[in-house]
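Residue-level listing of the chains:
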Amino acid sequence: MNPLEPRPIDQPAKVDLGLRADLAFLDDAKILGAPDDPTDLPRWRGKLAEWLMGAYDRTAYDGGLHYEEPGREWTQTAYSVALVWLWDDQLYDVDEGVFTPEKFVQHGIDDFGGYDAVVLWHAYPVIGIDSRNQFDFYRDVPGLKQLVDKLHDLGLKVFFDYNPWDVGTRRAARPDGDEFAALVGDFGADGAFLDTLKQADPAFTRPLKRANPAIAFEGESRLPLARISDHALSWAQWFADTRAPGVLRAHLFERRHMMHHTRRWNRDHSDELQSAWVNGVGILVWESVFSAWVGWNARDRSTLRRMVAAQRAFSPVLIGGDWIPLTPEIPDKAREHGVFGSRFELADITFWTLINRDDEDFEGIVLRSEDQVGDWYDVTSGVPITADEDGVHLVVPGRGVAGIVRVGATAGQECRATARRLGTMSRPHVKDSAFPMRPAVRVAVPEVSGGFADDAVEVPAGERSLMVRHRRRETGLYDQAPYVEEWKPLPPRLHDIQTVTREIALSGVSVAVREVSNAEYAEFLKATGYKPKVANRFLAHWVDGAPVAGTEDQPVTYVDLPDARAYAAWRGGRLPTEDEWQVAAGLDRFTRSEPLVWNLTESEHRDGRSRFCILKGGSYFVAEGSDWYADGGPQDPEVSFKLVLTGGGLDRSETIGFRCAG
């Protein structure tokens, strides 16, 4: 299989236009593809209507009572949702130890036109490093309730993430549904994002509905027709389309069902933006994928800014209006260039959503409308337009979108004012589609004061070629996104073992033969009075501020990078880099204390959105039952594990310690 090409299951479904065609097979489609021949469009639209009526009968659809639940209306207009690592630099200031929701929201406004909701991603790819389960990774976060409350105050709804595959960490006393329901009740989450799932098990949803009757569920992929009745949202992830854009099956079935297009590894998001625009649905913005930077280019950011302002303003038309996909009003010249669009009409308001599949702008007649009466507005660029007997003249930017609204005589004054405001608000289309590179930069290795005197092995200076192995996860290893422009990473390219060669030049360095012990760290605290900026989980295994009897010689754990650096500096040294650690581990006398713990290294990297460091050595703990877990168990010296760093003390783990160098 070509990883750059859609799988057969991702391809748009071909709608059989035959007289007695059985259309039931479309029930499982992602996108109902458009015909190649434009003369087939009338029959195609008729078949879509025929399929829809049959699908209602086959599912005994209840008419969407779920969508009428008070407090859940927001899902229908959640056109832009951000998936964000809880410790993203836009959301959390690690140096101050505080959340920064205002900064995060302002970034969303400036770059993407603002978010309607946010998924607070919390545990993967860290979960499995120790026994903490997915619920612990929310409950242990200092200030999380205040963060959720502030995001609500700033106008965003909040999703918490559910990982059904988390079966090998600490088991809670209650079933997952009850545990997640308790989170919803305690923190005020509005939605549950169903990681890796198309749909939620009813045993999971029942306690959540008791905790919050208006709770919203959103799955990660193609939602079965039968569950559209109780899942208000779904991802349109890895949905391939036809050149003339097709129709999203789940949204056609229930117009109030919100979908979010996303292709996490793409450098170019124009395809999913255009599909969302002509279908009247939303977009998932995901800039840092598990610490791999995949930010949006300037052109696509400007396209989304144009889209969401108009979608929010005319959402009643998009949701409840008559919808004509691939409207026939677009003249042949525009269509042949690559201009397509939908028409939505409600109560004397007509809204056309146009796209341009071509790289070059199209300027000319884009609509031939028989009804020229009313006021006309370009609601995506703010350029005044008029309609005459030739039609509507407009520029549809290359790989971009355009929106036209006609306000008739009987439209309300509020609608007229909204159209007038958008029709005069300049939102220029940006042509720059270059990927905005943002490499992860290594934090400088601290100077050594020269007082380091631990029992150590000597790593001689010199150039070396180091062989490094790692399991290929979505994090990558250093700063590279591992699956650029790939469709959907699958085994054997997902979670396979990669071998890379690092050409390095080392200065001479001494590396301690063993990890720092609990007793040694206690001596440091007594001598310095060290207190971390955020105390959460600091030395959580100690009792009354001291190591438990019998553990004095065991490796100190529940310390993070700043805690380890502070100790090493007190000793006149620093942490070894990952390369120094690996070379030292191959020398005589280098030992591992028991119980075996991962070793922090001086390898912190930052890219302005996320941080990580490299762990070495492995640990005694292994989370069984899923490949999504962090690596566990003893590891050979050449194995590197990329630890995506958190905040609020959550980096402190029962399985992570450190040793010094100098």
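Because the structure is predicted, anything quoted here is derived from the model rather than measured. (Residues numbered from 1 in each chain as written. Predicted model: local features only at pLDDT ≥ 70, side-chain atom pairs only at ≥ 80, totals over all residues. Heavy atoms only, no water.)

Asks: How do you make sense of the sheet that holds strand E5 (residues 117-121) when you look at a structure like this?
Replies: By definition, the strands of a sheet pair up through backbone hydrogen bonds, in either a parallel or an antiparallel sense. The strand order around the closed barrel formed by eight strands is E2-E5-E6-E7-E8-E9-E11-E12, and the pairing between neighbours is parallel. Neighbour-to-neighbour, the strand axes of this sheet turn through a mean angle of 25 degrees, independent of strand direction. Pairing of strand E8 (residues 216-219) with strand E9 (residues 233-237) involves two bridges; the strand directions are parallel. Each residue of the ladder has a partner; that of Gly 219, found in E9, is Ser 234. (Pairing = 2+ DSSP bridges. Helix = DSSP H or I, 4+ residues; strand = E, 2+ residues; numbered from the N terminus. Axes fitted to C-alpha atoms, helices over the stretch in contact; angles between N-to-C directions.)

Asks: For this particular structure, what's the right way to read the nonpolar core?
Replies: Within soluble globular proteins, side chains that are nonpolar generally end up buried alongside one another. Core analysis: the biggest nonpolar cluster contains 166 residues, and Leu 120, Phe 160, Tyr 521 and Phe 658 have the highest contact counts within it. With six residues, helix H1 (residues 41-59) is the single largest residue contributor to this core. Each residue touching Phe 658, except ones within four places of it in the same chain, is listed here: Glu 515, Val 516, Tyr 521, Val 556, Val 559, Ala 564, Tyr 567, Leu 575 and Leu 600. (Core = buried A, V, L, I, M, F, W, Y, C linked by side-chain atoms within 4.5 Å. Buried < 20%, exposed > 50% of the residue type's maximum accessible area, 1.4 Å probe, protein only. Contact = heavy atoms within 4.5 Å.)

Asks: Would you mind showing me how to read the layout of surface pockets here?
Replies: The gaps left among the atoms become clear once a water-sized probe is rolled over them. Of the volumes computed, that of the largest pocket is approximately 450 Å³. Together, 28 residues line the largest pocket, and Thr 196, Glu 220, Gln 237, Trp 238 and Lys 488 are the ones closest to its centre. (1 Å grid on protein atoms, 1.4 Å probe; cavity = no way out; pocket = protein on both sides within 12 Å on 5 of 7 lines; lining within 4 Å. Points joined across faces, edges and corners; volume = space filled by probe spheres on them.)

Asks: Explain the side chain of Lys 30 to me, please; I cannot follow it from the model alone.
Replies: With respect to the helices and strands, Lys 30 occurs in the segment before strand E1 (31-32). A relative accessible area of 4% places Lys 30 in the buried class. Here Asp 10 takes part through its side chain, which lies 2.5 Å from a polar atom of the side chain of Lys 30. At 3.1 Å, the side chain of Lys 30 and the backbone oxygen of Trp 238 are in polar contact. When neighbours within four sequence positions are excluded, Lys 30 is seen to be in contact with Arg 7, Ile 9, Asp 10, Ser 221, Arg 222, Gln 237, Trp 238, Phe 239, Val 247, Leu 248 and Arg 249. (Polar contact = N/O pair within 3.5 Å; in protein donor to acceptor, adjacent residues only side chain to side chain.)

Asks: How should I be thinking about the packing of helix H5 (residues 176-187) against helix H6 (residues 202-211) in this particular structure?
Replies: For any two helices packed against each other, one specifies the crossing angle of their axes together with the interaxial distance. Contact pair H5 / H6: the axes reach a minimum separation of 7 Å and the direction vectors enclose 25 degrees. With respect to H6, the element H5 is oriented roughly parallel. Both H5 and H6 take part in a crossing whose hand is right-handed. Taken together, the residues of H6 that come into contact with H5 (itself represented by Asp 176, Gly 177, Asp 178, Phe 180 and Ala 181) are Phe 204, Pro 207, Leu 208, Arg 210 and Ala 211. Residues of the contact of H5 with H6, tallied by class, amount to six nonpolar, one polar and three charged. (Parallel < 35°, antiparallel > 145°, perpendicular 65-115°, else oblique. Left-handed = near helix turned anticlockwise from the far one by under 90°. Nonpolar A, V, L, I, M, F, W, Y, C, P; charged D, E, K, R; others polar.)

Asks: Explanation requested: the pairing of strand E16 (residues 339-346) in the structure shown.
Replies: Consecutive side chains along a regular strand alternate between the two faces of the sheet. Along E16, six of the eight residues are buried, which leaves the element largely enclosed by surrounding structure. With three bridges joining them, strand E15 (residues 322-324) and E16 adopt antiparallel strand pairing. Residue pairing for E16: Asp 322 is matched across the bridge by Glu 345. Two elements, E16 and strand E17 (residues 349-356), share eight bridges in a ladder whose sense is antiparallel. Bridge assignment links Glu 345 to a residue of E17, and that residue is Thr 350.

Asks: What is the right way to look at helix H4 (residues 144-153) in this model?
Replies: Working note: α-helix, 3.6 residues per turn, so residues spaced by three or four point in the same direction. Of the residues making up H4, those classed as buried are Leu 144, Leu 147, Val 148 and Leu 151. Relative to the axis of H4, the buried residues are bounded by an arc of 95 degrees and lie together on one face. The exposed set on the far side of H4, more than 90 degrees from its buried face, consists of Gln 146 and Asp 153. Downstream of H4 by a residue or two, Gly 155 has a phi angle that is positive, lying close to 95 degrees. (Arc of directions from axis to C-beta.)

Asks: When you look at the sheet that holds E17 in this model, what are you seeing that I'm missing?
Replies: Sheet architecture is open: five strands sit in the order E15-E16-E17-E22-E19, paired in antiparallel fashion. The sheet is open, and its two borders are formed by E15 and strand E19 (375-378), each paired with just one other strand. Each strand of the sheet is rotated relative to its neighbour by a mean of 15 degrees, with strand direction disregarded. Taken strand by strand, helix H12 (residues 413-423) contacts E17, E19 and strand E22 (401-407), and its axis lies near 40 degrees from that of E19.

Asks: So what exactly am I meant to see when it comes to the environment of Ala 172 here?
Replies: Within the element layout of this structure, Ala 172 appears in the loop between strand E6 (157-162) and H5. Accessibility expressed as a relative area gives 22% for Ala 172, which makes it partly exposed. Leave out the neighbours within four places in its chain, and Ala 172 touches Asn 133 and Glu 179.

Asks: What is the right way to read the pattern of salt bridges from this model?
Replies: When the charged atoms of two side chains with opposite charge come close together, those side chains can pair. Counted according to the given criterion, the structure contains 55 salt bridges. Note that Asp 271 and Arg 357 form a salt bridge whose closest N and O atoms lie 3.8 Å from each other. Taken together, the residues Asp 271 in helix H8 (residues 270-279) and Arg 357 in the loop between E17 and strand E18 (362-367) connect sequence positions 86 residues apart. Asp 579 is paired through a salt bridge with Arg 502; the nearest N and O atoms lie 2.9 Å apart. Here Asp 579 is found in helix H15 (residues 578-585), whereas its partner Arg 502 is found in strand E26 (residues 497-506), with 77 residues between them in sequence. Note on Arg 502: relative accessible area 19%, which makes it buried. Members of the salt-bridge network, linked through shared partners, are Asp 95, Arg 565, Glu 602, Glu 604, Arg 606 and Arg 611. (Salt bridge = Lys/Arg side-chain N within 4 Å of Asp/Glu carboxyl O.)

That's the geometry; what it means functionally is another story.
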